[in-house]
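Fold and geometry: a report
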Amino acid sequence: MDLFSPTARGRAVPTLRAALFLALAASLSACAGSGIPGLAPPQTSVPEVDATHFPTLGGPQPDRREPLTTEQQQKLQRDLERLARQQQAKQVPQAQ
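For the structure given in this document, a descriptive report is provided here. Residue positions within a chain follow its written sequence, with the count starting from 1. At least 70 in pLDDT is required for a residue's local features to be given in this predicted model, at least 80 for side-chain atom pairs to be given and counted, and no such filter applies to totals for whole chains, interfaces and linings, which use all residues. The basis for the side-chain values is all heavy atoms of the structure; hydrogens and waters are excluded.

What follows concerns the overall build of the chain. Helix and strand counts for the chain come out as two helices and zero strands. Three labels apply to residues, based on accessible area from a 1.4 Å probe with only protein chains included: buried if under 20% of the type maximum, exposed if over 50%, partly exposed otherwise in between. Looking at the 96 residues of the chain, the share that counts as buried comes to 2%. Computed with a 1.4 Å probe, the accessible areas rest on the Shrake-Rupley method; for each residue, only the protein chains presented here act as cover. In the structure as shown, the chain presents an accessible area of about 9,600 Å², 62% of it carried by carbon and sulfur atoms. Note on conventions: DSSP H or I runs of at least 4 residues are helices, E runs of at least 2 residues are strands, and numbering of each starts at the N terminus.

What follows concerns the pattern of salt bridges. In the sections that follow, a salt bridge refers to a side-chain nitrogen of Lys or Arg positioned within 4 Å of a carboxyl oxygen of Asp or Glu. Enumeration according to the criterion identifies two salt bridges in this entry. Across the pair K75 and D79 runs a salt bridge whose closest N-O atoms are separated by 3.1 Å. Highlighted residues: K75 and D79, both in helix 2 (residues 70-95), separated by four residues, approximately one helical turn. Exposure remark for K75: the relative accessible area of 47% places this residue in the partly exposed category. We note a salt bridge from R82 to D79, for which the minimum N-O separation is 3.8 Å. Of this pair, R82 and D79 are both found in helix 2, three residues apart, which corresponds to roughly one turn of the helix. We classify R82 as partly exposed; its relative accessible area is 39%. For D79, a relative accessible area of 25% puts it in the partly exposed group.

On the surface, L68, L76, L80 and L83 cluster together to form a nonpolar patch covering roughly 360 Å² of accessible area. On the basis of relative accessible area, L83 is assigned to the partly exposed category, the value being 43%. Like-charged residues are merged into a patch within 9 Å and nonpolar side chains (Val, Leu, Ile, Met, Phe, Trp, Tyr) within 5 Å, provided each residue has over 30% relative accessible area and no salt bridge.

Without other data, these values stay purely geometric and don't point to any function.
See below:
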């Protein structure tokens with residue numbers, strides 16, 4: 001019997017359609033239910049995080065300091081100016 005004859009192709013097409021239909025039905029039924037063993041998604045153990053918190057990515061917690069008050073800013077500015085004058089005074093004798 002020749003596979004390419006009109007009678008052979010006539011019998012093969014309905015069989016092929018039936019096989020494709022069964023494969024499609026099986027794949028759709030696998031997606032529809034979770035009761036089929038081996039096809040359910042894996043259950044991971046992810047800890048619950050409060051919605052107000054951002055998850056950390058393993059880095060250290062940021063050091064949050066209070067902003068400086070006006071007096072603290074002025075003291076810091078005076079200290080920095082004093083240190084800058086001291087550094088400049090150390091460099092002037094070396095240049096002469």
